[in-house]
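Chain by chain, the residues:
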Amino acid sequence: MGCVNPKRRKARCGALNREVSDGNDWAATRRDVGMGQLCPAPRPAVNLHHLDAYDYALPSELIAQSPAVQRRDARLLDGRHATPRDTWFTDLPTMLRSGDVLVLNDTQVLKARLWGHKASGGKVELLVERVLGEAGLEAAVHMRVSRKPKVGEQLHVASLDGATKKAYQATVLGRWPDSDGALFHLRFDAPLAEVMANVGHVPLPPYIQHADSEADQQRYQTVFAKHPGAVAAPTAALHFDQDMLQGLQTQGVALAYVTLHVGAGTFAPVKTADVRHHTMHSEWYQVPEATQRCLAQCRARGGRVVAVGTTSVRTLESWAYTGQAQGETQLFITPGFQFQWVDWLVTNFHLPKSTLMMLVSALAGHDHVMQLYAHAVAQRYRFFSYGDAMLLQRASA
């Protein structure tokens, strides 16, 4: 005999399961000896403020080390429904309709990784986080070195593989953004644009284990990249080629562009057990007037705003939250956040316990997102920057 009446579940199953919820998402069943039946066991409540709520097990072989042969060859996990649907990225246009707007981040990834040495001979690895000043001679950089250099010290920066004979000098001016900052403030003897073009390397994420190549210069960059300034790619947009973008426009889907210069902080681990104590990194963003008009027109005609990548989400929602179409953002999106613009999200799969796992959980619901990730692992999807994509819908949309 089954538990046929939800209103009587608590009474009939109460001998074993005290205060059983009337919900449908039950993790297990137990046998009530007295009734001779199977009764649902309550699933422990998840503390969404705790970092462990955003963890999942990922076999290392599922971390994509190289992109698909063609940009559009990725798989697409359709997560808009109660159960996951396995599709291909080329199916995305069939899911969109005339009147929708696709919001893309047109930042351009810099060749921001530099190698060199100190006067003493000690090796130095630099990652340019941000170019400073109108002349473009100064930069805020992350530095990996055995002994931190002092103010006034000179660094010699050159090609790691000797492919070019060019070399540059950089002087340590101090820390950034202030005297206690985590980054170093350097002044180069040539514009950073020249330095990076001649001796810089593609700043591949730490989980990609090969050295950057000419192929990475093309594939770790979107086909519409326009404004230099990022040290990490808006990876969900890497799947789009020009033919697909043109086809979407032909079917009546509008394309709108924002800029957010992705910083290295996107890979920084959350170190606080309570995520409310995490300090979000700062990134520069802009929502052009043309995009603002496009979004307003989309809303007026009843279209859907489809953000491509979490950086587009943070840009749109930073604008909505502050009223500022340009500036710095430290917006940290966690469950409970009230989205103003984003209806759907095209995104890649994210690192466990990352702020991006919190963002997608806020958008589509924590339980649902974790179920999608479990499915993706079981179905051998490819993860992270060069991996596959998923499509999410705002839980209240």
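Every chain's residues receive numbers from 1 upward, in the order its sequence appears when written. Owing to the predicted nature of the model, reporting of local features is limited to residues with pLDDT of at least 70; listing and counting of side-chain atom pairs is limited to 80 or more, with chain, interface and lining totals taken over all residues. The side-chain numbers reported here are obtained from all heavy atoms of the structure, hydrogens and water having been left aside.

(A) Layout of the overall build of the protein chain. Helix and strand assignments follow DSSP, with helices taken as H or I runs no shorter than four residues and strands as E runs no shorter than two, numbered in order from the N terminus. For the protein chain, the helix and strand inventory stands at 9 helices and 19 strands. Relative accessibility under 20% of the residue-type maximum defines a buried residue, over 50% an exposed one, and the middle range a partly exposed one, all with a 1.4 Å probe and only protein chains included. The buried share of the protein chain, reckoned over its 397 residues, is 51%. Put simply, of all contacts in the protein chain between residues at least 6 apart along the chain, 68% involve residues at least 24 apart. Summed over all atoms, the accessible surface of the protein chain reaches about 18,600 Å², with 51% contributed by carbon and sulfur. Whether two residues touch is decided by their heavy atoms; if any such pair falls within 4.5 Å, the residues are in contact. Areas reported here follow the Shrake-Rupley algorithm with a probe of radius 1.4 Å; residue values treat only the protein chains shown as occluding.

(B) Broad picture of helix H5 (residues 242-250). Of all the residues in H5, the buried ones are Met 244, Leu 245 and Leu 248. Buried residues along H5 cover an arc of 100° about the axis, so they all sit on one side. Seen from the open side of H5, the exposed residues pointing more than 90 degrees away from its buried face are Asp 243 and Thr 250. For H5, the secondary structure elements touched by its buried residues are helix H2 (92-95), strand S5 (101-105) and strand S14 (254-260). Backbone geometry just after H5 places Gly 252 at a positive phi near 100°. The arc under discussion is defined with respect to the helix axis, by the directions toward the C-beta atoms.

(C) Structural detail: the nonpolar core. Here, nonpolar core refers to any group of buried Ala, Val, Leu, Ile, Met, Phe, Trp, Tyr and Cys residues whose side-chain atoms link them within 4.5 Å. Counting 65 residues, the largest nonpolar core has Tyr 220 and Phe 383 as its most contacted members. The greatest single-element share of this core, amounting to 7 residues, is contributed by helix H8 (residues 355-364). If we skip the residues at most four places from it in the chain, Phe 383 touches Tyr 56, Leu 58, Leu 62, Ile 63, Ala 64, Phe 349, Tyr 373, Ala 376 and Val 377. With 26 residues, the next largest nonpolar core counts Leu 127, Ala 139, Val 141 and Val 145 among its residues.

(D) The arrangement of the sheet that holds strand S7 (residues 113-118) in detail. One closed barrel holds the 6 strands; their spatial order is S7-S8-S9-S12-S11-S10, and the pairing between them is antiparallel. Taking the axes of each pair of neighbouring strands and ignoring which way they run, one obtains an average angle of 45° across the sheet. Should DSSP find at least two bridges between two strands, the strands are regarded as paired. Inspection of the sheet shows S7 paired to strand S8 (residues 123-132) by 5 bridges, in the antiparallel sense. Considered in S8, the bridge of Gly 116 is made with Val 124. Note on method: axes are straight lines fitted to C-alpha atoms, helices fitted across the in-contact stretch only, with angles between N-to-C directions ranging 0 to 180 degrees.

(E) Seen up close, the pairing of strand S19 (residues 389-393). In terms of burial, S19 is largely enclosed, as 4 of its 5 residues are buried. Here strand S3 (residues 75-78) pairs with S19 via 3 bridges, running parallel. Bridged to Leu 76 within S19 is Ala 389. Examined bridge by bridge, strand S18 (residues 344-348) and S19 share 5 bridges and lie antiparallel to one another. Opposite Trp 344, over in S19, you have Gln 393 as the bridge partner.

(F) Molecular detail of the environment of Leu 245. Its place among the elements puts Leu 245 in helix H5. Spatially, the C-alpha atoms of Leu 245 and Val 223 are 9.8 Å apart, while their sequence positions differ by 22 residues. When sequence neighbours within four positions are dropped, the list of residues in contact with Leu 245 reads Leu 104, Val 223, Phe 224, Phe 240 and Leu 255.

(G) Local environment of the pairing of S3. What you see with S3 is no split at all: Arg 75 and Leu 77 on one side and Leu 76 and Asp 78 on the other are buried throughout. Relative to strand S4 (residues 85-88), S3 runs antiparallel, the two sharing 4 bridges. When the bridges of S4 are listed, Leu 77 appears paired with Asp 86. Linking S3 to S4, which pair antiparallel, is a turn of 6 residues.

(H) Expanded view of the packing of H8 against helix H9 (residues 366-378). Contact pair H8 / H9: the axes reach a minimum separation of 7 Å and the direction vectors enclose 120°. One finds that H8 runs oblique with respect to H9. As H8 packs across H9, the resulting crossing turns out to be right-handed. Only His 366, His 368, Val 369, Met 370 and Tyr 373 of H9 make contact with H8, whose side of the interface consists of Met 357, Val 360, Ser 361 and Ala 364. Across the contact of H8 with H9, the residue classes break down as 6 nonpolar, 3 polar and no charged. Any angle that is under 35 degrees is reported as roughly parallel, and any over 145 degrees as roughly antiparallel; angles of 65 to 115 degrees are reported as roughly perpendicular and all others as oblique. If you view the pair so one helix is near and one far, a crossing is left-handed when the near helix is turned anticlockwise from the far one by less than a right angle, and right-handed when it is turned clockwise. Under the grouping applied here, Gly and all other residues not named as nonpolar or charged are polar, the nonpolar ones being Ala, Val, Leu, Ile, Met, Phe, Trp, Tyr, Cys and Pro and the charged ones Asp, Glu, Lys and Arg.

(I) Spatial organisation of the side chain of Ser 312. Here Ser 312 lies in helix H7 (residues 310-322). Residue classification places Ser 312 among the buried positions, given a relative accessible area of 0%. We call two N or O atoms a polar contact when they sit within 3.5 Å, provided that within protein one can donate a hydrogen and the other can accept it, with sequence-adjacent residues counted only if both atoms are side-chain atoms. A polar contact is formed between the side chain of Ser 312 and the backbone oxygen of Val 308, at a distance of 3.0 Å. In this structure, Ser 312 is in contact with Val 103, Leu 104, Asn 105, Val 258 and Ala 307, ignoring residues within four places of it in sequence.

(J) Broad picture of the packing of aromatic side chains. Here the aromatic set is Phe, Tyr and Trp, taking the six-membered ring for Trp, and pairing holds for ring centres within 6.5 Å; pairs whose planes are under 30 degrees apart are stacked, those over 60 apart are edge-to-face, and all others are tilted. Under the counting rule described, the total for this entry stands at 14 aromatic pairs. Consider the rings of Phe 349 and Tyr 373, whose centres lie 5.4 Å apart with planes at 85°: the pair is edge-to-face. Highlighted residues: Phe 349 in the loop between S18 and H8 and Tyr 373 in helix H9, separated in sequence by 24 residues. Residue class for Phe 349 comes out buried when judged on its relative accessible area of 2%. Taking relative accessible area as the criterion, Tyr 373 reaches 1% and is therefore assigned buried.

(K) How the structure looks around the confidence of the model for the protein chain. Looking at the protein chain, pLDDT values average 89 and 88% of them are 70 or higher. Within the model, pLDDT remains below 50 along residues 1-39, and this stretch shows 61 contacts once partners closer than five positions in the same chain are excluded. Residue-level confidence of the predictor is what pLDDT reports, using numbers from 0 through 100.

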